[in-house]
Amino acid sequence: MRVLALSLLPLPALAGHELDGRDIAAGQAIYAEKCATCHGAKLQGQPDWQTPDDQGIYPAPPHDETGHTWHHSNADLFDYTKRGGQAIVADLGLKSFTSGMPGFGDTLTDEEIWQVLAYIRATWPDRIREIHASRNPPHD
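What counts, and where the lines are drawn
Residues numbered from 1 in each chain as written. Predicted model: local features only at pLDDT ≥ 70, side-chain atom pairs only at ≥ 80, totals over all residues. Heavy atoms only, no water. pLDDT = per-residue confidence, 0-100. Helix = DSSP H or I, 4+ residues; strand = E, 2+ residues; numbered from the N terminus. Contact = heavy atoms within 4.5 Å. Phe/Tyr/Trp six-rings, centres within 6.5 Å; stacked < 30°, edge-to-face > 60°. Buried < 20%, exposed > 50% of the residue type's maximum accessible area, 1.4 Å probe, protein only. Core = buried A, V, L, I, M, F, W, Y, C linked by side-chain atoms within 4.5 Å. Arc of directions from axis to C-beta.

J.: Looking at this structure, I do not really get the confidence of the model for the chain. What am I missing?
T.: Segments scoring low in pLDDT should not have their predicted coordinates read at a detailed level. Here the chain averages 87 in pLDDT, and 86% of its residues register 70 or above. In the model of the chain, helix 1 (residues 2-8) stands out as the element of lowest mean pLDDT, 43, in contrast to helix 2 (residues 24-34), which has the highest, 98. Across residues 1-15, confidence stays below pLDDT 50; counting only partners more than four residues off in sequence or on other chains, it has 21 contacts.

J.: Can you walk me through the packing of aromatic side chains in this structure?
T.: Here a ring pair, both rings aromatic, is described through the centre-centre distance and the interplanar angle of the planes. The full count for this structure, using the stated rule, is three aromatic pairs. Geometrically, the ring pair formed by Y31 and Y119 is tilted, given 5.6 Å between the ring centres and 50° between the ring planes. Of this pair, Y31 sits in helix 2 while Y119 sits in helix 6 (residues 110-122), placing them 88 residues apart in sequence. A relative accessible area of 1% means that Y31 is categorised as buried. Look at Y58 and F97: their rings are 4.6 Å apart centre to centre, the planes differ by 20°, and that puts the pair in the stacked class. You can see Y58 sitting in strand 1 (residues 57-58) and its partner F97 sitting in the loop between helix 5 (85-92) and strand 2 (98-99), a full 39 residues away along the chain.

J.: Please explain the side chain of D64 as it appears in this structure.
T.: Within the element layout of this structure, D64 appears in the loop between strand 1 and helix 4 (74-83). When its relative accessible area of 15% is taken as the criterion, D64 is described as buried. Every residue in contact with D64, bar those within four places of it in the chain, is listed here: K42, L43, Q44, W70 and W124.

J.: What is the right way to read the nonpolar core from this model?
T.: Of all hydrophobic cores here, the largest spans 23 residues; its most connected members are Y31, V116, L117, Y119 and I120. Taken together, the elements giving at least two residues each to this core come down to helix 2, helix 4 and helix 6. In terms of residues, this core owes the most to one element, helix 6, which gives eight residues. Leave out the neighbours within four places in its chain, and I120 touches Y31, L43, H63 and T69.

J.: Is there a simple way to think about helix 5 in this case?
T.: Every buried residue of helix 5 is accounted for by G85, I88 and V89. Viewed along the axis of helix 5, the buried residues span an arc of 100°, placing them on a single side of the element. Facing away from the buried side of helix 5 by over 90 degrees, the exposed positions are A90 and D91. Residues of helix 5 that are buried make contact with helix 4 and strand 2. Looking one or two places after helix 5, you find G93, whose phi comes out positive at around 70°.

J.: Whenever I open this one, the environment of I30 confuses me. Can you help?
T.: Note that I30 resides in helix 2. Note: C-alpha distance between I30 and Y119 (89 residues apart in sequence) is 9.4 Å. Dropping the residues within four chain positions of it, I30 is found in contact with C35, L108, E112, Q115 and V116.

J.: How should I be thinking about helix 7 (residues 126-133) in this particular structure?
T.: Within an α-helix, residues lying three or four positions from one another point in the same direction, as the helix has 3.6 residues per turn. What helix 7 keeps buried is the set I128, R129, H132 and A133. For helix 7, the buried positions fall inside an angular range of 140° around the axis, keeping them on one side.

What follows is the structure in structure tokens.
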């Protein structure tokens, strides 16, 4: 299985910081239980994920390299996962965007959220991980 094989490979030294040293296998298991229903077992997302449905809600995007997850910083991904998409949309004052992403702050610990994010990152090709790392400046 490709994902399992990727989870066993060491990652190159990247500026991932919050994602470094996380339990990838635990993240994969949590993803399978809590995220795959919407985002797909292979992180492929839902069809037409860039087009809102009849209620104006955007389908779940892919978390593989074809999506936009890797365009965001670790902190933003953590916040989005913990608080939910609509909380972030409200913070940004976006009235034309409705997120269907629930918040997982009441069902997952912070560590579990980081593990899921680390698992997702572990599935990306090196080039994508390097680009993502550039969105996460080194900590002091």
